[in-house]
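Residue strings, one per chain:
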Amino acid sequence: MSRSLLGRHLRGGLTGVAVAALVLTTAACGGTTRGEDEGSSSGGSAGASADPDAEIPADLAVAFLPKALNNPYFDVAATGSERAVGEIDGEFSQVGPTEASASSQVSYINTLTQQGADVILTSANDPNAICSALDQARSGGASVVTFDSDTAPECRDVFINQATADGIAQTQVDLMAEQIGGAGQVAILSATANATNQNAWIELMQEYAASEHPDMEIVTTVYGDDEDEKSFQETQGLLQTYPDLKGIISPTTVGISAAARYLSGSEYKGRVALTGLGTPNQMREFVQDGTVTAFALWNPEDLGYLAAYTGAALAAGQITGAEGETFEAGDLGEYEIGADGVVVLGEPTVFNAENIDDFDF
Amino acid sequence: MTVETAPAPAPSGGSAAAGGAPARRGRTLPSGSVITTFLVLFLVIAAVSVEGFASTRNAGFLLLDVVVIALIALPLTLVVVTGEIDLSVASTVGLSSAVMGKLWFAGLPLEAIIPLVLLLGAALGAVNGLLVTRLGLPSLAVTIGTLALYRGLAFVVLGDQAVADFPRAWTTWAISSIGSTGIPVVVVPLVVLVLVTGVVLHATPVGRSLYAMGNSEDAARFSGIDVGRTKLWLFVVTGVVSALGGVYWTLRYGSARADNATGLELQVIAAILLGGVSIFGGSGGLLGVVAGALLLGSVRNALQLVNVPSDVLNIVTGVLLITAVVAPQVAARVKGRRRRRPAS
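A quick note: this is a predicted structure, and the numbers were derived from the prediction, not measured.

1. A closer look at the packing of aromatic side chains
Aromatic ring pairs are defined here through the distance separating the ring centres and the angle between the ring planes. Residue and element names in this part refer to chain A. Summed over the entire model, instances satisfying the criterion amount to 13 aromatic pairs over all chains. Ring geometry for Phe232 against Tyr262: centres 5.3 Å apart, planes inclined by 80°, an arrangement best described as edge-to-face. Of this pair, Phe232 sits in helix α7 (residues 228-241) while Tyr262 is found in helix α8 (residues 253-264), placing the two residues 30 residues apart along the sequence. On the accessibility criterion, Tyr262 (13% relative accessible area) is buried. Feature note: the residues Phe64, Tyr73, Phe74, Phe92 and Phe147 constitute an aromatic cluster, connected by ring pairs.

Here it is, written out as structure tokens:
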């Protein structure tokens, strides 16, 4: 008897769940199949007009919300933002989750909304998960600037792009051409074969090299899968397969440091050039021991600095986020807003023996 | 006839301790009422001293953060009362979210996707339940395994992609509030579920049999309770509710991802333990669990509002938890010593 009672009651519980699910299902009406929804975006800035001469108000509350705290890259960006906020006499604060998950930023955005933050600078863990929270923040009067990693464009006012794909590709090819005298075989050590950004850069590098440095021959592209050990082995394989190889371009921070590690311990040190995208802290020893002459990456401190000035310009009403508007960003000078509310930081920063000790990230 | 012989702890899990057998581990104070008192005190203090805490908008933000935790805590409380555990709940949320995204991307309507995802949740729960009840494996080991397995499957389904183009009507509904009260609409079905679960646990023979199992499985079995079958059902229900949590999570954030709700199981278990449910089974009440979830959410929210860094926030949560788990044990031990002293 108790057995049937048990089953019945538990089934009762299940029914409760099913009822709740039904409520959930039926309460929302309208388009429910993919593609039906019109997706009426609530782009906030349309209609507002900019006043380029507006003063930046004092005591702007500027909040910096990284993907996660305790990440060296974002710590450097925060340093830049804090410096900019100091220059405009604002109040800087850094908040954020300890783990970089898609939804963990939402409660921090909610808190900032509740506190009445004037400017929110953020790098999104997910392009959509924080959208409605940002909408609420903006309707509460906050200006939202994304940097490094964008949200869907209708969820923020301006996105600060660290560099364009063209800029990244050209800088790396030019650095390599400089180091090998413009002629010879060059190989590319990439991340994974299906990494969208890497593949876009590689394609642009090949086009740019073919037109600007015709004597430079890109012989192959290999993939280290952003794993240190695999990148190390691929480097070894490249040097064995192509005995006349003059240089390696690695547009990934994992790849370039693994390749540098291999070269620095081999007979090829100083004979085969290596460049690409890396961080100063990873590459410092290889620049100092002569394995690497120069490599590139955007400067995260400038990225944070520009983001903060952009936020201030938005809060002041100097800009609204519309294409073609311009504003001053302190030491970095004047910037113009491009299509879709995107501002490009500029050419990547080149690191070499002279300047590498000025950076710590 | 059989259930009457089982011990019948009071809803708060308190008065049962008074007549408890000496063999019972970790006997508790009436912790459900303690935590509820503590919650009310905290809310009053925060409302007075933290700027922006006592507003309807903030209440809405706070409740939205607590909804999924409280939802999953309901069936998991029943599981813990029987002396078992399910650590795979957050991975079930993630896998449900990933499957929901995949099916949506394939063009199925949400009205079809949601029942399918709930069925998936039932299947995932059944896997846990069968491994525990049929093979007799410890639920801690089984669900640590499925925690990894289900999360892994979620990444197989969706990789590091996100599916985001859910209909706006649904995603705004998921965070909308009742009129201008700030109380999220989804609190209504949640309250219904709390009531259903509360009645099952505290006012039915089924509830009493769950406590009986938690106190002594053998005794429960001898008194005619089908322990295996009951536990299997509990795991299935937990799976379904976790999948429901996954559906809601996906709509709330408008983003289906394999890594959704990573680590959420710890917050759910924290709410349950803070609510005074003994991790060894056999005692605790649902009121305490709901209060525990609300307390954790309120503490986080209030500390965020006064700009306490999130690392410190994690420390505070940890200390709260340890206190909640250790305090009753210490109290019980002190009480035991006092009782023994005159005898010796």
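Structure's up, so let's keep going.
2. Some details on unusual backbone geometry
With a phi angle near 65°, Asn70 of chain A is a residue other than glycine that sits in the positive phi range. In this structure Asn70 of chain A comes out as exposed when scored by relative accessible area, which is 56%.

3. Considering a negative patch on the surface
A cluster of acidic residues, Glu323, Glu328, Glu334, Glu336 and Asp340 of chain A, forms a negative patch at the surface. Within the fold, Asp340 of chain A resides in the loop between β12 (334-336) and β13 (342-344).

4. A word on the sheet that holds strand β7 (residues 216-223) of chain A
All names here are of chain A. Taken together, four strands build an open sheet; the order of strands is β7-β6-β8-β9 and the sheet is parallel. Sheet topology places β7 and β9 (273-276) at the edges, where each strand pairs with a single neighbour. When the angles between neighbouring strand axes are averaged without regard to direction, this sheet yields 25°. Direction of pairing for strand β8 (residues 245-250) relative to β9: parallel, over a ladder of four bridges. From the neighbouring strand, Ile249 faces β9, where its bridge partner is Thr275. Contacts from helix α5 (residues 165-180) reach β6 (184-190), β7, β8 and β9, with the element oriented near 165° to β9. Running at roughly 140° to β7, α7 makes contact with β6, β7 and β8 of the sheet.

5. Brief notes about the nonpolar core
If you look at the biggest cluster of nonpolar residues, it comprises 122 residues, and the most contacted ones within it are Met100, Leu264, Val268 and Ile272 of chain B. When residues of this core are assigned to their parent elements, the largest contribution, 16 residues, is made by helix α3 (residues 56-81) of chain B. Those residues in contact with Met100 of chain B that lie beyond four places of it in its chain are Leu110, Ile113, Val117, Phe166, Val247, Thr250 and Leu251 of chain B. Counting 82 residues, the second-largest nonpolar core is a separate cluster that includes Ala84, Val85, Ile249 and Leu306 of chain A.

6. What to know about the packing of α3 of chain B against helix α12 (residues 264-274) of chain B
All names here are of chain B. Orientation of α3 relative to α12, taken along the N-to-C sense of each, is 65°, at an axis distance of 9 Å. In this structure, α3 meets α12 at a crossing whose hand is right-handed. Each of Val68, Ile69, Ile72, Ala73, Leu76, Thr77 and Val80 in α3 lies in contact with α12, whose residues at this interface are Leu264, Gln267, Val268, Ile269, Ala271 and Ile272. Of the residues in the contact of α3 with α12, the class split is 11 nonpolar, two polar and no charged.

7. Section: the confidence of the model for chain A
All names here are of chain A. Looking at chain A, the pLDDT average stands at 87 and 88% of residues meet or exceed 70. Counting contacts from residues 1-6, a segment whose pLDDT is below 50, to residues more than four positions away or on other chains yields 14 contacts. Under a pLDDT of 50 for its full length, residues 38-46 has, in the predicted model, nine contacts with residues more than four places off or in other chains.

8. What about the pairing of β8 of chain A?
Residue and element names in this part refer to chain A. Within β8, five of the six residues are buried, which leaves it mostly tucked inside the rest of the structure. In this structure, β6 lies alongside β8, joined through four bridges in parallel fashion. Directly across from Ala187, in β8, lies its bridge partner Ile248. Taken together, β8, α8 and β9 constitute a β-α-β crossover, and its handedness is right-handed.

About the thresholds
Residues numbered from 1 in each chain as written. Chains lettered and ligands numbered in written order. Predicted model: local features only at pLDDT ≥ 70, side-chain atom pairs only at ≥ 80, totals over all residues. Heavy atoms only, no water. Phe/Tyr/Trp six-rings, centres within 6.5 Å; stacked < 30°, edge-to-face > 60°. Helix = DSSP H or I, 4+ residues; strand = E, 2+ residues; numbered from the N terminus. Buried < 20%, exposed > 50% of the residue type's maximum accessible area, 1.4 Å probe, protein only. Patch = residues over 30% accessible without salt bridge, like charges linked within 9 Å, V, L, I, M, F, W, Y side chains within 5 Å. Areas by Shrake-Rupley, 256 points an atom, 1.4 Å probe, with all protein chains shown as cover. Salt bridge = Lys/Arg side-chain N within 4 Å of Asp/Glu carboxyl O. Lys, Arg positive; Asp, Glu negative; His and termini not counted. Charge placed at Lys NZ, Arg CZ, Asp CG, Glu CD. Pairing = 2+ DSSP bridges. Axes fitted to C-alpha atoms, helices over the stretch in contact; angles between N-to-C directions. Contact = heavy atoms within 4.5 Å. Core = buried A, V, L, I, M, F, W, Y, C linked by side-chain atoms within 4.5 Å. Left-handed = near helix turned anticlockwise from the far one by under 90°. Nonpolar A, V, L, I, M, F, W, Y, C, P; charged D, E, K, R; others polar. pLDDT = per-residue confidence, 0-100. Right-handed = clockwise from strand over helix to strand, strands pointing away.

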